[in-house]
Amino acid sequence: MVVFLYCYRCTRMKHILIANWKMNGLKGDIHNFCTQPFPVDISENIQNKTLILCPPSIYLGLACAHAPENLLIYAQDCSAYEKGAYTGEISVAMLADMGVKGVLLGHSERRIYHGETDARVGKKLAAALTCGLTPVVCIGETREDYESKQTQVFVEAQIAATLDSCDYVSTLHNIVWAYEPRWAIGTGKTPTQEEITTVIQTIRETLEGKTGNPTPHIIYGGSVTAQNAHAISTVPSVHGALIGGASLDKDCLAEIIRQWGSF
Ligand code: PEP
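Residues numbered from 1 in each chain as written. Predicted model: local features only at pLDDT ≥ 70, side-chain atom pairs only at ≥ 80, totals over all residues. Heavy atoms only, no water.

**Side note on unusual backbone geometry**
Here is step 1 of the chain: One non-glycine residue with positive phi stands out, namely K149, at about 60 degrees.
Here is step 2 of the chain: Tracing the chain through its elements places K149 in the loop between helix 8 (143-147) and helix 9 (151-164).
Here is step 3 of the chain: For K149, a relative accessible area of 71% gives the class exposed.
Here is step 4 of the chain: At S223, a residue that is not glycine, the phi angle is positive and equals roughly 55 degrees.
Here is step 5 of the chain: Inspection of the secondary structure puts S223 in the loop between strand 7 (217-221) and helix 11 (229-233). (Helix = DSSP H or I, 4+ residues; strand = E, 2+ residues; numbered from the N terminus. Buried < 20%, exposed > 50% of the residue type's maximum accessible area, 1.4 Å probe, protein only.)

And the structure:
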C-alpha cells in the first residue's frame, strides 16, 4: 500500500492507453466492450492510467452513451473544416457534441490510404483545439527512412510541417504526440527501447523549441502486445501507448494494461 501511494503521488505524468479499433467491430462488439465488466480494474485512481477507446466513427454515439466514466471515447479522425458542403466528413463540433473527448490525427493509415498530409493534419489540429478536443497527433518514419537512418530528420520535418499549418502554437501543450514508426504498425516489429528513447528525445526537443512549452505528452504506438508492453512502459520518456490489433480482444487489452505497470 505504501508503495502504491508513493507511485500514485509521484510526479510522473499519468499514462494513457489508447485502443484504436480502426475499421473493426460491429454494434454488439462496441456495446459489449463498454458495458461488460473489464477483466482488469481501469479506475484511474488505481492504475494512474487513462483508458481510451477509438471506435469506428459510426459507433461513436453508441460508445459515448454506454462507456463507463473511466473509459474515454476518442474519434479516429475529424474534418479540418468547421461545417458545410464536405460530404462524408465529421466536424470537431459534431464530435464534441456527441461526448467525444479527443481525436487521433494523422494516423499512418490515413496518410497512406487517404493522402493525409502534414499540412492537413495541422489544420485538423487547429480545429480540434478550438473545440476543446484532445488531439493525438501521430508521427513516425517510413521503413525506408528508418533503414537509411533518417528517422530523426523525418520526424523533425513532420513536426515542423504540421505546426506550420496550425495557428495555435501557444496551446500546443494540450496535445498528445504519438510516435508510431510506420514500419512497426501491424507488423509485429518494434524499435528497440534505445531507439524509442532517442526518437522521443528528438520529438520533445523539437516541440519544446517550436512551442516553448515543456514536456509534451508523448506515447508510443506500433505492434504493442501483452508480451512487449512491460518493456516499452519502462522507457522513461514514454507516457502511454496506442494499441491497434491487440486492443480488439478485451482479455489481451486487459493484459497489456496490467503489464504496462503502475506509475
Ligand atoms: C495503431 O493502430 O496505431 C497501431 C499501432 O496498430 P498496431 O498496434 O496493430 O500496430
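**Some points on the site of the ligand**
Here is step 1 of the chain: Inspection of the region around the ligand gives 14 residues, with K22, H107, E180, G186 and S223 positioned closest.
Here is step 2 of the chain: Between E180 and the ligand, the recorded distance is 2.7 Å, taken from a side-chain N or O atom to an oxygen atom.
Here is step 3 of the chain: The separation between an oxygen atom of the ligand and a polar main-chain atom of S223 is 2.8 Å.
Here is step 4 of the chain: Across the shell around the ligand, the residue classes tally to four nonpolar, eight polar and two charged. (Near = heavy atom within 4 Å. Polar contact = N/O pair within 3.5 Å; in protein donor to acceptor, adjacent residues only side chain to side chain. Nonpolar A, V, L, I, M, F, W, Y, C, P; charged D, E, K, R; others polar.)

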